[in-house]
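Fold and geometry: a report
This is what each chain is made of:
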Amino acid sequence: MPKAGDTLWDAARAEAERRGSSGGDGGAVREQAVLCVGSKRGGKTTIILRCLEREEIPKPTLALEYTFGRRARRHNAPKDIAHFWELGGGTSLQELIRIPITSNNIRSFAVVLVLDLSKPNELWTTMENLLQAIRDHVNKILAKLEKTNPEVATEIKQRMRNSLQKDHPDYELVDPFPIPLVIIGSKYDIFHEFDSEMRKTVSKTLRFISHYYGASLVFTSKSEALQLKARVLINHLAFGYERSKSVSVDHSKPLFIPAGMDSLSQIGPPPTSDSDIGKMRANTPLELWKKVFEKTFPPKSFYDLQATKDPGQDSQYAEHEVDVMRAQKNQELEQYKRNASKSWKEMDFDPD
């Protein structure tokens, strides 16, 4: 039963736990949570529905939405629970990230970042702002845990470093994301029609970002085969399924690279001339790759990416009674503005 003061999210989580714990053989139920963020209209909802094997028609996500799925690891075992959160609006609502990620679930939380490959000029800004917002929030949680529960904080930090084996040549050169991360490049069917050099720049850059953050990388589209590859990576995070060991790094094909399976030597240098690299000032490898990428794909401003449609004008949320009342109030507001403007114009002001 929901408790007094519980939020909608608390109630939803409690209901998922109640349903997941019914039946089974009494074994421990595994719970994981996944936050899906990324490009506006990049296909986040579709990806989640496919992971949960639902045939629903996806609708635009207004703000922050929640759903869950249940899977049994074996016959007659209790069903594990995966909590799926989706942040809508691209980068415009990133302050809502703090709602699903808490000190209570940080140990079992993962992030899926969906980037629209058909809009490379928005790619870096979207990635940078969303991942930085998540990292900042997670770091605040870890700072508190270091004081209240240092064992958990240490466990999370150690797991973060374990995204690469200690004998990996890049172990000291990367900066792993604080929680498990999967990066999905969506709309590969459109991206595949791009000029080959443009595709190579985007692909190499995403390989570098993923490897630098200790993340998995996969390209997907409407193709069932590519969607299956994305599901494999997400289901590994959500339900603990075995991780695929296959790798595809050919830039002329859809990429599929599980975390820790790439290297800086295989990725190579940023795709530009040595003379250009020598002229660029950068404090970190990530900053250098950003400068090279944005030279080819000048970014859209953060403000442009934040611009979001007024949900009150969206037909999918239409409610006749509410809309009639809103129209009436809008008319009253306009009349008030006209009357106020007329009153001010008619007022006489004494000169100083």
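These remarks concern the structure in this document. If you're wondering where the values come from, they're calculated on a predicted model, not measured in any experiment. (Residues numbered from 1 in each chain as written. Predicted model: local features only at pLDDT ≥ 70, side-chain atom pairs only at ≥ 80, totals over all residues. Heavy atoms only, no water.)

1. With respect to the layout of surface pockets
For clarity, the cut-off: Cavities and pockets were defined on a 1 Å grid built from protein atoms only: a cavity is a group of points that admits a 1.4 Å probe but offers it no way out, a pocket is an open group of points flanked by protein on both sides within 12 Å along at least five of seven lines, and a lining residue is one with an atom within 4 Å of any such point. Grid points are joined across faces, edges and corners, and a volume is the space filled by probe spheres set on the points. Helix numbering and strand numbering both begin at the N terminus, where a helix is a DSSP run of H or I of at least 4 residues and a strand a DSSP run of E of at least 2. All amino acids are sorted into three groups, where Ala, Val, Leu, Ile, Met, Phe, Trp, Tyr, Cys and Pro are nonpolar, Asp, Glu, Lys and Arg are charged, and the leftover types, Gly among them, are polar.
Taken as a whole, the second largest pocket encloses approximately 490 Å³ of empty space. If you trace the second largest pocket, you find 26 residues lining it, with Arg 159, Pro 180, Leu 181, His 236 and Leu 237 closest to the centre. Sorting the residues of the lining of the second largest pocket by element identifies β4 (109-116), α4 (150-161), β5 (181-186) and α7 (224-239) as the ones contributing at least two each. Tallied by class, the residues present in the lining of the second largest pocket amount to 14 nonpolar, 8 polar and 4 charged.

2. Here we look at the packing of helix α3 (residues 120-148) against helix α10 (residues 285-296)
In a packed pair of helices, the relevant descriptors are the angle between the two axes and the axis-to-axis distance. What counts here: With axes taken as lines fitted to C-alpha atoms, and helix axes fitted only over the stretch in contact, angles between N-to-C directions fall between 0 and 180 degrees. For classification, angles of less than 35 degrees are called roughly parallel, those exceeding 145 degrees roughly antiparallel, those between 65 and 115 degrees roughly perpendicular, and all remaining angles oblique. By definition, turning the near helix anticlockwise from the far helix through less than a right angle yields a left-handed crossing, and turning it clockwise yields a right-handed one. Note on contacts: a residue pair qualifies if any of its non-hydrogen atoms lie within 4.5 Å across the two residues.
Between α3 and α10, the least distance of the axes is 10 Å, while the angle of their chain directions is 155°. The orientation of α3 relative to α10 falls into the category roughly antiparallel. Considering only the axes of α3 and α10, their crossing is left-handed. Note on element contacts: α10 touches α3 through Leu 286, Trp 289, Lys 290, Phe 293 and Glu 294, opposite Pro 120, Leu 123, Trp 124 and Glu 128. The residue inventory of the contact of α3 with α10, partitioned by class, reads 6 nonpolar, no polar and 3 charged.

3. A word on helix α6 (residues 196-212)
Let me state the cut-off plainly: The span one expects for a helix is its residue count, reduced by one, times 1.5 Å. Accessibility here uses a 1.4 Å probe with only protein chains present; expressed as a share of the type maximum, an area under 20% marks a residue as buried, one over 50% as exposed, and anything in between as partly exposed. By the criterion applied in these results, polar contacts are pairs of N or O atoms within 3.5 Å in which, for protein atoms, one can donate a hydrogen and the other can accept it, and in which residues neighboring in sequence qualify only through two side-chain atoms.
Under the 1.5 Å per step criterion, the end-to-end length of α6 is 24 Å for 17 residues, consistent within 8% with the ideal 24 Å. Across the 17 residues that make up α6, a large majority, 13, are buried. For α6, the N-terminal cap is Asp 195; the gap from its side-chain oxygen to the backbone nitrogen of Glu 197 is 3.0 Å.

4. Some thoughts on a nonpolar patch on the surface
Counted only if it meets this: Every patch collects residues that have over 30% relative accessible area and no salt bridge, joining them within 9 Å if they carry like charges and within 5 Å if they are nonpolar side chains (Val, Leu, Ile, Met, Phe, Trp, Tyr). With residues, only the protein chains shown are counted as cover, and all accessible areas are computed by Shrake-Rupley using a 1.4 Å probe. For salt bridges, the criterion is a side-chain nitrogen of Lys or Arg within 4 Å of an Asp or Glu carboxyl oxygen.
A cluster of nonpolar side chains, contributed by Val 247, Val 249 and Met 261, occupies part of the molecular surface with about 200 Å² of accessible area. Along the chain, Met 261 turns up in the loop between β7 (256-257) and α8 (264-267). The exposure class assigned to Met 261 is partly exposed, which follows from its relative accessible area of 34%.

5. Points about the pattern of salt bridges
Applying the stated rule across the entire model yields 7 salt bridges. For the salt bridge of Glu 155 with Arg 107, the shortest nitrogen-to-oxygen distance reads 2.8 Å. Taken as a pair, Glu 155 in helix α4 and Arg 107 in the loop between β3 (79-87) and β4 lie far apart in primary sequence, 48 residues in all. On the basis of relative accessibility, which here comes to 36%, the residue Glu 155 falls in the partly exposed class. For Arg 107, a relative accessible area of 43% corresponds to the partly exposed category.

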